[in-house]
Amino acid sequence: MKLSQKPKRNFKSILRNLPLNFISVKMKKHNYSAGPCILPQEVFEKSAAAILDFNNSGLSILEISHRSKDFVAVMDEARALVLELLGLEGKGYQALFLHGGASLEFLMVPYNLMKENGKAAYLDTGTWANSAIKEAKAFGETVVVGSSKADNYAFIPKGFEIPADANYFHCTSNNTIFGTQMKSFPETAIPVVCDMSSDIFSRVLDFSKFDLIYAGAQKNMGPAGATLVVVKEEILGKSGRHIPNMLSYAQHIEKESMYNTPPVFAIYASLLTLQWLKDKGGIAAIEKINNQKAALLYAEIDRNPFFKGTANKEDRSNMNATFLLEDESHAPIFDAMWKAAGISGIPGHRSVGGYRASMYNALPLESVQVLVDVMKAFENKVKLVEVTEA
Ligand SMILES: *Cc1c(COP(=O)(O)O)cnc(C)c1O
């Protein structure tokens, strides 16, 4: 680690006394984990340093007050940077860092937005969408406008109608488990709510078309423990419900995302990831690399006769690529090969089986090349075995 690259902080004295294996990762894996997932190496290094000495304060980030000047600055910068990266500054939006994961948003959304005796419209595109629907049903009429459940969520439903009298429309931009991603979003006059847990900050969208975006941090933004909520303030305060403070977006906005002790470390590491993204050129720049990564892997899935993709091509996710072996009996060979190549985290979710390669922002293109090379080598090996056995 070159300390000279970090002019703003000086951890030299602490790091000099650490065992070398603390600061240099000798065998970094090609990490395809679906979440919590790979983050930029510099985020790991800077957050590790902040655990020892935060901002030259002589204190760890883990032991300071969330009301301290240094942490308030972290929170303010993180909230502002979210809006900046999404192109939502000055457009009536607030960014919040909350607890409870995306799963708590499944119920906070209807609590805050569904009127008493109101209704909401949901698109059912996978396990997470389904969990959101289940929570909404406890609050009022929940209309499922489209579902691909009968096809094990292999595609994104299209051409559905959204009832104009619903209080909001909810969708999931990227289906982490089934490997599908919405490429376009419906035009509607009612508020649009989107669970972007697994593709936030990965591609350019007109984010101002959304009234509420939420995401668990651990897929593309930071460590587990923080949940990002970006909400257009004008949609709040209309449900007529009494909302407990901890579950009220308006309360969290009023308290500047510090209603209670926020997940300090998760927010700090998220800020470091957002800074890394900004330094790289923001969402537009990372999207180009994400497109290259996805194109490289899908081309191999389609070319290689020993693999097949599970999602409809037009709806394939650039974040989570799901694929199967044509012949399951080859799994031990392929598994041994990717493990030997230093790949981690590609076994598929139990509801799809096979493999899932999650290519979040921090996964380098080189890691995808390693996987593709393994798939090619696997093809050659199996062909050779078949020839020898024939
Ligand atoms: C992982 C995930 C969730 C659940 O997130 P938690 O933070 O664990 O509650 C919800 N939605 C999507 C799209 C996800 O990928």
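Read on for a plain summary of the structure. Because the structure is predicted, anything quoted here is derived from the model rather than measured. Here, residues in each chain are numbered from 1, in the same order as that chain's written sequence. Local features in a predicted model are, by the rule used here, given only for residues with pLDDT of at least 70; side-chain atom pairs are given and counted only at 80 or more, and totals for whole chains, interfaces and linings are based on all residues. No hydrogens and no water enter the side-chain calculation; it runs on all heavy atoms of the structure.

Some points on unusual backbone geometry
Phi is mostly negative for residues that are not glycine, and the peptide bonds are mostly trans.
1) Next: Cis geometry is adopted by the peptide bond preceding Pro36, which originates at Gly35 and carries an omega value of -10 degrees.
2) Next: Mapped onto the elements, Pro36 comes out in the loop between strand 1 (30-31) and helix 3 (41-52).
3) Next: The backbone of Asn152 shows a phi angle near 50 degrees, a positive value even though the residue is not glycine.
4) Next: Put simply, DSSP marks the helices as runs of H or I at least four residues long and the strands as runs of E at least two long, and each gets a number from the N terminus on. As for its position among the elements, Asn152 is in the loop between strand 4 (141-147) and strand 5 (169-172).

Focus: the site of the ligand
1) Next: Here, proximity means that at least one heavy atom of the residue falls within 4 Å of the molecule or strand. The environment of the ligand is formed by 13 residues, the closest being Ser103, Thr176, Asp195, Gln218 and Lys219.
2) Next: What qualifies as a polar contact is a pair of N or O atoms within 3.5 Å, subject to a donor-acceptor requirement within protein and to the restriction that residues adjacent in sequence count only when both atoms come from side chains. Ser103 is positioned with one of its side-chain polar atoms (N or O) 2.6 Å from an oxygen atom of the ligand.
3) Next: Measuring from a nitrogen atom of the ligand, one finds a side-chain N or O atom of Asp195 at 2.6 Å.
4) Next: When the ligand is considered free in solution it has 380 Å² of accessible area, and contact with the protein chains removes 87% of it.
5) Next: With 4 residues, helix 5 (residues 101-113) is the largest single contributor of residues to the shell around the ligand.
6) Next: Polarity classes work like this: nonpolar for Ala, Val, Leu, Ile, Met, Phe, Trp, Tyr, Cys and Pro, charged for Asp, Glu, Lys and Arg, and polar for all others, with Gly in that last group. Partitioned by chemical class, the residues of the shell around the ligand number 3 nonpolar, 8 polar and 2 charged. Surface accessibility in these figures is a Shrake-Rupley result with a 1.4 Å probe; residues are shielded only by whichever protein chains are displayed.

Some thoughts on the nonpolar core
Where a protein is soluble and globular, its nonpolar side chains tend to be buried together.
1) Next: Take the buried residues of types Ala, Val, Leu, Ile, Met, Phe, Trp, Tyr and Cys, join any two whose side-chain atoms come within 4.5 Å, and each joined set is a nonpolar core. Categorising residues by exposure relies on relative accessible area from a 1.4 Å probe, with only protein chains included: less than 20% of the type maximum marks a residue as buried, more than 50% marks it as exposed, and the intermediate range marks it as partly exposed. Counting 58 residues, the largest nonpolar core has Val82, Phe97, Phe169, Phe201, Leu228 and Val230 as the members making the most contacts within it.
2) Next: A total of 10 residues in this core trace back to one element, the largest contributor, which is helix 8 (residues 264-279).
3) Next: In this analysis, two residues are considered to be in contact whenever any of their non-hydrogen atoms come within 4.5 Å of each other. The residues contacting Leu228, other than those within four sequence positions of it, are Val82, Ala95, Leu96, Phe97, Ile200, Phe201, Ile213, Tyr214, Ala215 and Met221.
4) Next: Counting residues in each nonpolar core, the second largest holds 29 residues, with Ile38, Trp338, Tyr355 and Leu371 among its members.

Notes on a nonpolar patch on the surface
1) Next: Only residues above 30% relative accessible area that lack a salt bridge enter a patch, with like-charged residues linked at up to 9 Å and the nonpolar side chains Val, Leu, Ile, Met, Phe, Trp and Tyr linked at up to 5 Å. The working definition used for a salt bridge is a side-chain nitrogen of Lys or Arg within 4 Å of a carboxyl oxygen of Asp or Glu. A cluster of nonpolar side chains, Ile51, Leu52 and Leu62, forms an exposed patch at the surface whose accessible area comes to about 240 Å².
2) Next: By the element assignment, Ile51 lies in helix 3.

Section: the sheet that holds strand 4
Backbone hydrogen bonds are what pair the strands of a sheet, in a parallel or an antiparallel way.
1) Next: The criterion for strand pairing is that DSSP finds at least two bridges linking the strands in question. The sheet built from 7 strands is open, its strands ordered 2-10-9-8-5-3-4 with mixed pairing. Looking at the sheet topology across the chains shown, the edges are occupied by strand 2 (93-98) and strand 4. Averaged over neighbouring strand pairs, the angle between their axes works out to 20 degrees when direction is ignored.
2) Next: Here strand 9 (residues 212-216) pairs with strand 10 (residues 227-232) via 5 bridges, running antiparallel. When the sheet's bridge partners are listed, Ile213 is paired in strand 10 with Val230. In this analysis an axis means a line fitted to C-alpha atoms, helices contributing only their contacting stretch, and an angle means the value between N-to-C directions, from 0 to 180 degrees.

Some thoughts on the sheet that holds strand 11 (residues 307-309)
1) Next: With antiparallel pairing, 3 strands are arranged side by side in an open sheet as 11-12-14. Looking at which strands have only one partner, the edges of the open sheet turn out to be strand 11 and strand 14 (355-358). Here the strands of the sheet are splayed against their neighbours by 35 degrees on average, with no regard to which way each runs.
2) Next: The pairing of strand 12 (residues 320-325) with strand 14 spans 4 bridges and is antiparallel. Counted as the bridge partner of Thr322 is Arg356 from strand 14.

Notes on the pattern of salt bridges
1) Next: Within this structure, the stated rule accounts for 16 salt bridges.
2) Next: Across the salt bridge formed by Lys69 and Asp70, the nearest N and O atoms sit 3.9 Å from each other.
3) Next: You can call Lys69 exposed: its relative accessible area is 70%.
4) Next: Through salt bridges that share partners, Glu300, Arg303, Lys376, Glu379 and Lys383 make up one connected network.

Quick word on the environment of Thr388
1) Next: By the element assignment, Thr388 lies in helix 11 (residues 365-389).
2) Next: Overall, the relative accessible area of 64% leaves Thr388 in the exposed class.
3) Next: A distance of 2.4 Å separates a polar atom in the side chain of Thr388 from the backbone oxygen of Leu384.

Notes on the environment of Tyr214
1) Next: Note that Tyr214 resides in strand 9.
2) Next: Judged by its relative accessible area of 0%, Tyr214 is buried.
3) Next: With 113 residues separating them along the chain, Tyr214 and Gly101 place their C-alpha atoms 9.2 Å apart.
4) Next: In terms of polar contacts, Tyr214 uses its side chain to reach the side chain of His170, at 2.7 Å.

As for the packing of helix 4 (residues 69-86) against helix 8
Angle between the axes and distance between the axes: these two values describe a pair of packed helices.
1) Next: In contact at an axis separation of 9 Å, helix 4 and helix 8 are set at 45 degrees when each is read in the N-to-C sense. Between helix 4 and helix 8, the angle is such that the two are oblique. Once helix 4 is placed against helix 8, the crossing between them reads as left-handed. Side by side, helix 4 and helix 8 meet where Phe71, Val74, Met75, Glu77, Ala78, Leu81, Val82, Glu84 and Leu85 of the first sit next to Val264, Ile267, Tyr268, Leu271, Leu274, Gln275, Leu277 and Lys278 of the second.
2) Next: For the contact of helix 4 with helix 8, a count of residues per class yields 13 nonpolar, 1 polar and 3 charged. Between 65 and 115 degrees an angle is taken as roughly perpendicular, under 35 as roughly parallel, over 145 as roughly antiparallel, and anywhere else as oblique. A crossing counts as left-handed when the near helix is turned anticlockwise from the far one by less than a right angle, and as right-handed when that turn is clockwise.

Re helix 3
1) Next: Multiplying 1.5 Å by the residue count of a helix minus one yields the expected span of that helix. In this model helix 3 runs 17 Å from its N-terminal to its C-terminal C-alpha over 12 residues, within 8% of the 16 Å that 1.5 Å per residue would give.
2) Next: Taken as a whole, helix 3 has its buried residues at Val43, Ser47, Ala49 and Ala50. Buried residues of helix 3 fall within an arc of 155 degrees about the axis and therefore sit on the same side.
3) Next: Summarising the contacts, the buried residues of helix 3 are in contact with helix 8. Here the arc refers to the set of directions running from the helix axis out to each C-beta atom.

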